[in-house]
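Residue-level structure breakdown
One-letter residues, chain by chain:
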Amino acid sequence: MSDAEPTRELSEVEELRAEVARLREQVTDQGAPAPSSGDRTGWWRPVVVTVLVVVIAILTPLGVVARWAHNEVADTDRYVESVTPLASDPAVQEAMTNRITEEITSRLQVQAVTDQAIDALSERGLPPLAASSLQALGTPLANAIESFIHDAVAKFVESDEFKTAWIEANRQAHTQLVAVLTGKDTGVVQVSNNAVSVNLAAVIDTIKQRLSDRGFALVDRLPTVDAQFTIFQSADITKAQSAFRVLSAVNTWLPILVLVLLAVALAIARNRRRTLIATMLTVAASMLLLGVGLNIFRIVYLDALPSDVDHAAAGAIYDTLVYFIRLNLRAILVLTLAVAFIAWVSGPGGAAVRVRRGTSRAIGPGREGGERVGLDTGQF
């Protein structure tokens, strides 16, 4: 007897087993009890299973968002890890530089001081040509001073010193951020005009000292500048605070509830394999919807910001803060699709059997080659 005959017999046995399983599954779906599955009749079973699957699909995205809300606040190291890259983000650096420069130059009144100095020189009896030339130099001189301040601020914001200060400031402000999300103002982080802002006074004081050390003594007369840098702004900040409190409270038991509901659905389902596949695919769809929702909300949020807010920096901050959500929804998406595929391909369906048979035939030459060199993979 040739080697092909045992292979053909095994293939026929596999086909017969698949046909028996398919017929048994059809009998079960028609309401008759399967010989080896017990009595799983009852009109209420598919209704209850459908409701449970829908509830699971709703609770899973909520669980991801709840876990994010809890971790970003409860875990200081995770929060600092999330916001640290913002110190090196070009859009945030540019926005910080422009904001600090504007605060300093507006309080120095550079243009007014320059005009006064030129007028004082003109009153000393300068020739008309020299006086008119000084007047023409007023605006370029003011612009040069502003450019000097801007460059000094930009160098500090791009330095390692600023990155270290950024990390330390966020670590120290972590408890204040908790207060922000619960609606309580603090000295470092404040909620006003529907915005969450960070006080830049300490950073500006450092820059003032740098300018003074470089000979720009004009900044010594400036008092402490209580400027703010907006992290988040929305007309619905109160609703966001309420949602955060709820999500933070339910983050622990939501995943447990989802697993319990899945176990209940599988326990009462007429066909557990199909229920598992349907549940995994539904949860995968909910993860896709969550991802789409994050992208849509990003557009809506940026469009709703005032014109004086740097949209590029706001977008970078938004992407950084929701990175944990996107990472987890992708992980759950991959996991659910993998479980659904394994449940399907290991089933008795005709298509699954053909896939398994085709895979076996595809790896057959490799198995035979391995056996010839002494590598036996067994039944795998």
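Residues numbered from 1 in each chain as written. Predicted model: local features only at pLDDT ≥ 70, side-chain atom pairs only at ≥ 80, totals over all residues. Heavy atoms only, no water.

1. Topic: helix 4 (residues 90-108)
In this model, helix 4 (19 residues) spans 27 Å end to end at C-alpha, consistent with the 27 Å of a helix rising 1.5 Å per residue. The set of residues buried in helix 4 consists of Ala91, Val92, Gln93, Ala95, Met96, Thr97, Ile100, Thr101, Glu103, Ile104, Thr105 and Leu108. Two or three places before Ala91, at the start of helix 4, stands the capping residue Asp89, its side-chain oxygen 3.0 Å from that residue's backbone nitrogen. (Helix = DSSP H or I, 4+ residues; strand = E, 2+ residues; numbered from the N terminus. Expected span 1.5 Å × (residues − 1). Buried < 20%, exposed > 50% of the residue type's maximum accessible area, 1.4 Å probe, protein only. Polar contact = N/O pair within 3.5 Å; in protein donor to acceptor, adjacent residues only side chain to side chain.)

2. Focus: the pattern of salt bridges
Considering all chains together, one arrives at six salt bridges under this definition. Put simply, Lys208 and Asp205 hold a salt bridge, and the shortest N to O gap is 3.7 Å. In this pair, Lys208 and Asp205 both sit in helix 10 (residues 201-213), three residues apart, roughly one turn of the helix. Classification of Lys208 by relative accessible area gives buried; the value is 11%. The shortest N-O distance in the salt bridge between Arg298 and Asp319 comes to 2.8 Å. Pair noted here: Arg298 is in helix 13 (residues 272-304) and Asp319 is in helix 14 (residues 311-321), with a separation of 21 residues, a long-range link. (Salt bridge = Lys/Arg side-chain N within 4 Å of Asp/Glu carboxyl O.)

3. Observations concerning the packing of aromatic side chains
Describing an aromatic ring pair means giving the distance of the ring centres and the angle of the ring planes. The final tally for this structure, using the stated rule, is five aromatic pairs. Between Phe156 and Phe162 the ring centres are 5.9 Å apart and the planes differ by 70°, which places this aromatic pair in the edge-to-face class. Both residues of the pair, Phe156 and Phe162, belong to the buried class. Judged by centre distance (6.1 Å) and plane angle (40°), the ring pair of Phe341 and Trp344 falls under tilted. (Phe/Tyr/Trp six-rings, centres within 6.5 Å; stacked < 30°, edge-to-face > 60°.)

4. What to know about the environment of Val322
Relative to the helices and strands, Val322 is located in the loop between helix 14 and helix 15 (323-345). The buried category is assigned to Val322, whose relative accessible area is 7%. C-alpha of Val322 to C-alpha of Leu294: the two residues are 28 residues apart in sequence and 8.2 Å apart in space.

5. Overview of the side chain of Thr97
Within the fold, Thr97 resides in helix 4. Polar contacts involving the side chain of Thr97 include one to the main-chain carbonyl oxygen of Gln93, which spans 2.8 Å. Filtering out sequence-adjacent residues up to four positions away, Thr97 remains in contact with His150, Val153, Ala154 and Val157. (Contact = heavy atoms within 4.5 Å.)

6. Some words on the confidence of the model for the protein
For the protein, the average pLDDT comes to 77, and 68% of its residues sit at 70 or higher. Long-range and interchain partners of residues 29-38, a stretch whose pLDDT sits below 50, account for 12 contacts in this model, where long-range means more than four residues apart. (pLDDT = per-residue confidence, 0-100.)

7. Notes on the nonpolar core
Among the nonpolar cores identified, the biggest contains 38 residues, and Ile56, Leu290, Leu305, Ile325 and Leu329 are the most heavily contacted of them. Broken down by secondary-structure element, the contributors of at least two residues to this core are helix 2 (44-74), helix 11 (237-250), helix 12 (253-268), helix 13, helix 14 and helix 15. If near-sequence neighbours (up to four positions away) are discounted, Leu329 is found in contact with Val64, Met287, Leu290, Gly291 and Leu294. In this structure, Ala95, Ile100, Leu200 and Ala227 belong to the second largest nonpolar core, which totals 32 residues. (Core = buried A, V, L, I, M, F, W, Y, C linked by side-chain atoms within 4.5 Å.)

8. Side note on a nonpolar patch on the surface
A cluster of nonpolar side chains, Trp43, Trp44, Val47, Val48, Val51 and Val55, forms an exposed patch at the surface whose accessible area comes to about 560 Å². Here Val51 shows up in helix 2. Overall, Val51 belongs to the partly exposed group, its relative accessible area being 47%. (Patch = residues over 30% accessible without salt bridge, like charges linked within 9 Å, V, L, I, M, F, W, Y side chains within 5 Å. Areas by Shrake-Rupley, 256 points an atom, 1.4 Å probe, with all protein chains shown as cover.)

9. A word on helix 10
Its 13 residues place the ends of helix 10 18 Å apart at the C-alpha level, agreeing with the 18 Å of an ideal helix rising 1.5 Å per residue. Listed as buried for helix 10 are Ala201, Val203, Ile204, Ile207, Lys208 and Leu211. Along helix 10, the residues classed as buried sweep out an arc of 155° about the axis, all on the same side. Set apart from the buried face of helix 10 by more than 90 degrees, the exposed residues are Ala202 and Asp213. (Arc of directions from axis to C-beta.)

10. Examining the packing of helix 13 against helix 14
Where helix 13 meets helix 14, the axes come as close as 10 Å, and the angle between the chain directions of the two elements is 150°. In this view, helix 13 runs roughly antiparallel relative to helix 14, as classed from their interaxial angle. The chirality of how helix 13 crosses helix 14 is right-handed. Across from Leu294, Phe297, Arg298, Tyr301 and Leu302 in helix 13, the residues of helix 14 making contact are His311, Ala314, Gly315, Ala316, Tyr318 and Asp319. Considered class by class, the residues forming the contact of helix 13 with helix 14 number seven nonpolar, two polar and two charged. (Axes fitted to C-alpha atoms, helices over the stretch in contact; angles between N-to-C directions. Parallel < 35°, antiparallel > 145°, perpendicular 65-115°, else oblique. Left-handed = near helix turned anticlockwise from the far one by under 90°. Nonpolar A, V, L, I, M, F, W, Y, C, P; charged D, E, K, R; others polar.)

11. Things to note about the packing of helix 4 against helix 14
Between helix 4 and helix 14, whose axes approach to 8 Å, the crossing angle comes to 130°. Regarding the angle of helix 4 to helix 14, the classification is oblique. In this structure, the crossing between helix 4 and helix 14 has a hand that is left-handed. Across the interface between the two elements, Ala91, Val92 and Ala95 from helix 4 touch Ala312, Ala313, Ala316 and Ile317 from helix 14. Across the contact of helix 4 with helix 14, the residue classes break down as seven nonpolar, no polar and no charged.

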